[in-house]
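The primary structure of each chain is shown beneath.
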Amino acid sequence: MVCPAGAVAAEMEPSSGWDGPTFQPLVVLELASNTPEEAVAWLLSRIRDSQQNGGAGDDFLSMAECQYIIKHQLEALRAKDETHVPGYSQAKLYPGKSIIRRLQSKGILVQMFPLHDKEELKRLSFSWYRTVRLSLQPLDAIRRYFGEGQALYFGFLEYFTIALLPMAVLGVPYYLFDWENYDKYVLFAVFNLVWCTVLLEVWKRYSATLAYCWGTLSRKKAFEEPRPGFHGVLGLNPVTGRKEPVFPSVSRQLRIYLVSLPFVLLCLYLSLYVMMIYFQLEGWALSVYDEDPTLWTEVLTYIPSIVYAVVIEAVNLLYRYAAEFLTEWENHRRESSYQNHLVLKVLVFNFFNCFASLFYIAFVMQDMLLLRQSLATLLITSQVLNQLMEAFLPYWLQRRRNKKMIRKVLRRRAIEEKELPLAEQVRLEADMSTYLGTFDDYLELFLLFGYVSLFSCIYPLAAVLVVLNNITEVYSDAFKMCKLFKRPFADPAGSIGVWQLAFETISVIAVVTNCALIGMSPQVKAYFPESATQLILWTVAVEHLLLGFKFILAFLIPDVPKHIRVKLAQIEFESLEALKKKVKHLLMVFKLNRKGSEA
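Quantities reported herein were computed from a predicted structural model and do not represent experimental measurements. (Residues numbered from 1 in each chain as written. Predicted model: local features only at pLDDT ≥ 70, side-chain atom pairs only at ≥ 80, totals over all residues. Heavy atoms only, no water.)

*Asks:* Could you give an account of the overall build of the protein chain, with specific residues and numbers?
*Replies:* A tally of helices and strands in the protein chain yields 19 helices and seven strands. For the protein chain, the proportion of its 599 residues judged to be buried stands at 47%. Long-range pairs, those at least 24 residues apart, make up 71% of the contacts in the protein chain between residues at least 6 apart in sequence. When the accessible area of the protein chain is evaluated, it comes to approximately 31200 Å², of which 65% is carbon and sulfur surface. (Helix = DSSP H or I, 4+ residues; strand = E, 2+ residues; numbered from the N terminus. Buried < 20%, exposed > 50% of the residue type's maximum accessible area, 1.4 Å probe, protein only. Contact = heavy atoms within 4.5 Å. Areas by Shrake-Rupley, 256 points an atom, 1.4 Å probe, with all protein chains shown as cover.)

*Asks:* Kindly report on unusual backbone geometry, identifying the contributing residues and their values.
*Replies:* When glycine is set aside, most residues are seen to have a negative phi, and most peptide bonds are trans. Even without glycine at this site, Asn 331 takes up a positive phi of about 65°. Residue Asn 331 is classed as buried on the basis of its relative accessible area, which comes to 0%. A positive phi angle is found at Gln 366, which is not glycine, with a value near 50°. Here Gln 366 shows up in the loop between α11 (335-365) and α12 (368-412).

*Asks:* Describe in detail the nonpolar core, supporting the description with residues and values.
*Replies:* Ranked by size, the top nonpolar core spans 103 residues in total, and within it Trp 128, Trp 195, Phe 446, Phe 449 and Trp 499 carry the most contacts. Once residues within four sequence positions are removed from consideration, Trp 195 is found in contact with Phe 160, Ala 163, Leu 164, Met 167, Phe 449, Val 452 and Ser 453. In terms of nonpolar packing, the next biggest core, distinct from the first, is built from 24 residues, Leu 74, Leu 77, Ile 108 and Leu 109 among them. (Core = buried A, V, L, I, M, F, W, Y, C linked by side-chain atoms within 4.5 Å.)

*Asks:* Lay out the packing of helix α8 (residues 249-291) against helix α10 (residues 303-329) with the relevant residues and their values.
*Replies:* Between two packed helices, both the angle of their axes relative to each other and the distance between the axes serve to describe the pair. Remark: α8 packs on α10, axes separated minimally by 11 Å, with the N-to-C direction vectors making an angle of 175°. The orientation of α8 relative to α10 falls into the category roughly antiparallel. Here Arg 255, Val 259, Ser 260, Phe 263, Val 264, Cys 267, Val 274, Met 275, Tyr 278, Leu 281, Glu 282 and Ala 285 of α8 lie close against α10, whose contacting residues are Pro 304, Ser 305, Tyr 308, Val 311, Tyr 319, Ala 322, Leu 326 and Trp 329. When its residues are assigned to classes, the contact of α8 with α10 shows 16 nonpolar, two polar and two charged. (Axes fitted to C-alpha atoms, helices over the stretch in contact; angles between N-to-C directions. Parallel < 35°, antiparallel > 145°, perpendicular 65-115°, else oblique. Nonpolar A, V, L, I, M, F, W, Y, C, P; charged D, E, K, R; others polar.)

*Asks:* Please provide a residue-by-residue account of the pattern of salt bridges, values included.
*Replies:* The tally for this structure, following the rule as stated, stands at nine salt bridges. The shortest N-O distance in the salt bridge between Glu 330 and Lys 345 comes to 2.9 Å. With Glu 330 in the loop between α10 and α11 and Lys 345 in helix α11, this pair connects stretches of sequence that are 15 residues apart. Each member of the pair, Glu 330 as well as Lys 345, carries the same accessibility label: buried. The network of salt bridges with common partners includes Glu 201, Lys 204, Glu 504 and Asp 559. (Salt bridge = Lys/Arg side-chain N within 4 Å of Asp/Glu carboxyl O.)

*Asks:* Quick rundown of the UniProt feature "transmembrane region" (unreviewed entry) in the protein chain? Include the residues and the values.
*Replies:* Here the UniProt feature "transmembrane region" (unreviewed entry) sits at residues 151-173, 185-203, 256-279, 299-321, 342-363, 375-397, 445-468 and 535-557. Overall, residues 151-173 shows 100% helix and 0% strand. The separation of its end C-alpha atoms is 35 Å. (UniProt positions renumbered as here; feature names shortened; annotations may be inferred.)

*Asks:* Could you give an account of the environment of Gln 366, naming the residues involved and the relevant values?
*Replies:* Looking at Gln 366, the relative accessible area reads 43%, which means it is partly exposed. As a C-alpha pair, Gln 366 and Leu 517 span 151 residues in sequence and 9.5 Å in three-dimensional space. If near-sequence neighbours (up to four positions away) are discounted, Gln 366 is found in contact with Ile 361, Met 520 and Lys 525.

*Asks:* Could you give an account of a nonpolar patch on the surface, with specific residues and numbers?
*Replies:* On the surface, Val 250, Leu 254, Tyr 257, Leu 258, Val 259, Leu 261, Leu 265, Phe 325 and Trp 329 cluster together to form a nonpolar patch covering roughly 930 Å² of accessible area. Secondary-structure elements contributing two or more residues to the nonpolar patch are α8 and α10. The element best represented in the nonpolar patch is α8, accounting for seven residues. In this fold, Phe 325 is placed in helix α10. Look at Phe 325 and you get exposed, because its relative accessible area is 60%. (Patch = residues over 30% accessible without salt bridge, like charges linked within 9 Å, V, L, I, M, F, W, Y side chains within 5 Å.)

*Asks:* Could you give an account of the environment of Val 198, naming the residues involved and the relevant values?
*Replies:* Summarising the element assignment, Val 198 is placed in helix α7 (residues 186-214). Residue classification places Val 198 among the partly exposed residues on the basis of a relative accessible area of 35%. For the pair Val 198 and Ser 507, spaced 309 residues apart in sequence, the C-alpha separation works out to 9.9 Å. Not counting residues within four places of it along the chain, the set of residues in contact with Val 198 comprises Tyr 159 and Leu 553.

*Asks:* Give me the confidence of the model for the protein chain: which residues, what numbers.
*Replies:* Predicted coordinates in regions of low pLDDT should not be interpreted in detail. Overall, the predicted model of the protein chain reaches an average pLDDT of 80, with 84% of residues at or above 70. Mean pLDDT values for the elements of the protein chain range from 41 in strand β1 (residues 8-12) up to 91 in α8. Per-residue pLDDT stays below 50 along residues 59-65; that stretch engages in 17 contacts with residues further than four places along the chain or on separate chains. (pLDDT = per-residue confidence, 0-100.)

*Asks:* Could you give me a rundown of the pairing of strand β6 (residues 233-236), with the residues and numbers involved?
*Replies:* The side chains of a regular strand alternate between the sheet's two faces. Pairing between β6 and strand β7 (residues 243-246): four bridges, direction antiparallel. Following the sheet pairing, Val 233 is matched in β7 by Val 246. Connecting β6 to the next strand, β7, in antiparallel fashion are six residues, including Gly 241 with a positive phi near 75°. (Pairing = 2+ DSSP bridges.)

*Asks:* Let's hear about the packing of aromatic side chains: which residues, and what values?
*Replies:* Summed over the entire model, instances satisfying the criterion amount to 30 aromatic pairs. Seen in terms of ring centroids, Tyr 319 and Phe 349 are 4.1 Å apart; in terms of plane orientation they differ by 20°. Their pairing is stacked. Placement of Tyr 319 in helix α10 and of Phe 349 in helix α11 is noted, with a sequence separation of 30 residues between them. Neither Tyr 319 nor Phe 349 differs from the other in exposure class; each is buried. With centroids separated by 5.7 Å and ring planes inclined at 20°, the aromatic side chains of Tyr 442 and Trp 499 adopt a geometry described as stacked. With a gap of 57 residues between them, Tyr 442 in helix α14 (residues 439-455) and Trp 499 in helix α16 (residues 498-520) connect regions that are remote in the sequence. Owing to a relative accessible area of 3%, Tyr 442 belongs among the buried residues under this scheme. (Phe/Tyr/Trp six-rings, centres within 6.5 Å; stacked < 30°, edge-to-face > 60°.)

*Asks:* Give me helix α6 (residues 148-177): which residues, what numbers.
*Replies:* Given a rise of 1.5 Å per residue, 30 residues ought to cover 44 Å, and the 44 Å separating the end C-alpha atoms of α6 matches this to within 8%. Along its length, α6 reaches its greatest deviation from straightness, about 35°, at Leu 165, and the proline Pro 166 lies no more than four positions downstream. (Expected span 1.5 Å × (residues − 1). Bend = angle between axes of the 7 residues up to and from the residue.)

Put into structure tokens, the structure is as follows:
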């Protein structure tokens, strides 16, 4: 393995140099530019050492191994008897300490990423986004190149888009022929109730089918090492028997309940305060329009909603940074625990920040015209801003970085061929943006699902707008993954994880919301002309019956299709039979050896 002083290290098969014919790059490790040669040499020796000695040897660099295994092997590098990283006296080590995590926490290891395979990426691009076609996404090809986690996200995005088509088809004529009759939304609300329940149950079966085909359905959860940012007093792990930082659980709980929780509640209060300012501006704009109903004053009535939508997106972004800081400060040992607490913080605030005004308009003001206008403005504005922030801005920034890098290359050497030399290609990809995972992508779908399932009966075109957004999202996300970001490490996954629970929670809230909207409709109120209390009781009773039906339906529909359950049982049976034969064979060998020794 070669490690230039310029600080880029590439994991590869043995070769004669950077551009030699046998050079097969797999993973890049970028070290800090001022890394001493002794630290580089030490890291190389630890990687080349055998696995028994805490290294990553034994065919580590064969092309048959996937990047996930490479990452796992690198993270499994352990210190032996070193007290510190050579050349860095402040980077303390102890036997069994993860070397990669120590290098990352001290800023010695800048980044670690797998290289793009140009030919395979080109084939994937043409079958995915470079040609516009009415066909499904190449999920198997996405899974082979990016891993199951990415493929499941794009599979859910595709499934969600297709599932929205019936609602979109129903919403267009409803919008065209019944636009001014705001009270005739009962049938659409009933359809909404059934749709959001069936949608998620069928998705669980579909995702189980995908995970079975990819071999991750029965994947057991791997033992989690401490996160790179986890710190504490050095202690002994009773499971591994290795020394590692220990942080009291009581201290973490105190940080969560005495600092993080009050901070989240304070942010919710500030969001509520901003919402009330929005309603004051909305009332002022409507009063101006009532006094002088012209084209300009009509346009003015939309300005508060647009400004409020922009403020919502900006506040969500600021809160995201604060939530990440707080979750990091809580000092979670496992990455899964860190992600769960971060998701919970972000989901609670985003849900309240995005939907509180709609709930207030619907159930306090009971102004269906304003609800429709606000929903349309928030939905359209958020979609436009997301496309600008997720696709156009990263594309523009990456083009600027690539131009600067290529100009440097051209100044250093004349390039006649179209492709960059491998060493320069590594540096070019090292300068690309890092893909931060599917968190933001699922969060966007979560909010869109909320807009559709909670209030689309008031604004039937919501499903149409979300379908159009999702179609552009497929192409923009595919373009970003292939052109703008470093290639991420594969993430084996058998489901969409905690996001399944988040979407199911929204579907439960949707039952309550749509039942309340149905109870507020003039058609239903006509059946209870004299008793509002009786109307409320009937609405609550129907809502409870529908929730019961929803949970019964979820119980009756198996999460895993029957034919897959049968195949899994067959695999388990065959494994047990093979184990029995192996044990039987070993017993026979043992008996023969015993007879031979007695003779």
